[in-house]
Amino acid sequence: MRVVLLGAPGAGKGTQCKRIVEKYGVQHLSSGDILRRERAERTELGAKAQSYMDSGGLVPDELIVKMMAGAIAKAPKEGYVLDGFPRTVNQAQELDESLASDGKGIDAVVSLEVDEQIIMERMTGRRSCPKCGAVYHVKNLKPKVEGKCDNDGAELIQRPDDKPEVVKKRLETYYEQTEPVVAYYKRNGCVLELDAGNGVDEVGAKLFEMLDALAGK
Ligand code: AP5
Ligand code: MG
């Protein structure tokens, strides 16, 4: 199964991808998580990406396309779910071209639709594990022990780009550069629109219905 999950910052892409991975055994390929890892490991790519990420802008297409092509090439036979990529129409076209040459196109594009007010609430309450990348929320998805990751006990942090002024810029970037990607896929194939404004379990159940239908279960 090869799926793209689209949605605004804070829509719940990472949260639902974790569930998809558990249920279908595919690999989670999150461009944001990969970039954060590159930064933590102080690689050249991480250094190049830093200023774009901290200001709420997009990392240049050529860096991202190369990075994600490498990740896709290593994905298992079960497939993958893309999170945060493609994020510009140019990235989507490059992805389509490279997958077409391998004869392994995307099976489905799911668009998580959420109101801006809910998005702000989700992002400002998010807490993340700097070690394993697990995502929590101070009200909606609490860890078992306050402030600690369930998986490894690490101290949870607020992502630097979840500061209100950066969130505002990320949303602007999304409307300008990433919303057109939804329109691109609508023109080129099938987009499954999912109302993602409800609770994590409810959204997950609807998403599984869509993906089960796709997998012919
Ligand atoms: P990235 O890490 O991809 O950030 P994003 O797209 O802004 O998305 P988020 O990770 O903020 O949100 P999410 O949808 O994953 O929500 P989550 O599940 O955490 O990118 C970061 C930066 O990297 C970019 O700004 C850019 O600079 C760069 N970058 C990355 N990809 C790039 C690309 N392709 N091209 C160029 N640059 C790129 O959920 C949010 C919160 O809500 C959590 O606390 C969660 O617990 C809670 N929550 C989730 N679902 C629900 C629900 N249903 N009900 C209640 N609470 C919920
Ligand atoms: Mg995410």
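Residues numbered from 1 in each chain as written. Chains lettered and ligands numbered in written order. Predicted model: local features only at pLDDT ≥ 70, side-chain atom pairs only at ≥ 80, totals over all residues. Heavy atoms only, no water.

K.L.:
What exactly am I supposed to notice about the packing of aromatic side chains here?
P.N.:
How two aromatic rings sit relative to each other is given by the distance of their centres and the angle of their planes. If you walk through the whole model with that rule in mind, you get three aromatic pairs. Here the aromatic rings of Tyr 174 and Tyr 175 are separated by 5.5 Å at their centres, their planes lie at 70 degrees, and the arrangement is edge-to-face. Between Tyr 184 and Tyr 185 the ring centres are 5.3 Å apart and the planes differ by 75 degrees, which places this aromatic pair in the edge-to-face class. Assessed through its relative accessible area of 6%, Tyr 185 is described here as buried. Across from the ring centre of Phe 208, 4.7 Å away, lies the NZ or CZ of Lys 23, which sits over that ring. (Phe/Tyr/Trp six-rings, centres within 6.5 Å; stacked < 30°, edge-to-face > 60°. Buried < 20%, exposed > 50% of the residue type's maximum accessible area, 1.4 Å probe, protein only. Lys NZ or Arg CZ within 6 Å of the ring centre and 35° of its normal.)

K.L.:
Is there a simple way to think about the site of ligand 1 in this case?
P.N.:
In the neighbourhood of ligand 1, 35 residues make up the surrounding shell, with Thr 15, Gly 57, Arg 87, Arg 126 and Arg 170 lying closest. Between ligand 1 and Ser 31 there is a distance of 2.7 Å, counted from a nitrogen atom to a side-chain nitrogen or oxygen. Contact with the protein chains removes 97% of the 1000 Å² of surface that ligand 1 exposes when unbound. For the shell around ligand 1, the secondary structure elements donating two or more residues are helix H1 (13–24), helix H2 (31–40), strand E6 (135–137) and helix H8 (200–215). The element contributing the most residues to the shell around ligand 1 is H2, with four residues. Here the shell around ligand 1 is built from residues that sort into 14 nonpolar, 13 polar and eight charged. (Near = heavy atom within 4 Å. Polar contact = N/O pair within 3.5 Å; in protein donor to acceptor, adjacent residues only side chain to side chain. Areas by Shrake-Rupley, 256 points an atom, 1.4 Å probe, with all protein chains shown as cover. Helix = DSSP H or I, 4+ residues; strand = E, 2+ residues; numbered from the N terminus. Nonpolar A, V, L, I, M, F, W, Y, C, P; charged D, E, K, R; others polar.)

K.L.:
When you look at the environment of Arg 36 in this model, what are you seeing that I'm missing?
P.N.:
Structurally, Arg 36 is set in helix H2. A relative accessible area of 27% places Arg 36 in the partly exposed class. Distance in space between the C-alpha atoms of Arg 36 and Gly 12 is 18 Å, their sequence separation being 24 residues.

K.L.:
Please clarify how the packing of H2 against helix H4 (residues 61–73) should be interpreted in this entry.
P.N.:
One way to put it is that H2 packs onto H4 with a least axis distance of 11 Å and a crossing angle of 100 degrees. Taken together, the axes of H2 and H4 lie roughly perpendicular to each other. Contacts from Ser 31, Ile 34 and Leu 35 in H2 reach Ile 64, Met 67, Met 68 and Ala 71 in H4. Considering only residue class, the contact of H2 with H4 consists of six nonpolar, one polar and no charged. (Axes fitted to C-alpha atoms, helices over the stretch in contact; angles between N-to-C directions. Parallel < 35°, antiparallel > 145°, perpendicular 65-115°, else oblique. Contact = heavy atoms within 4.5 Å.)

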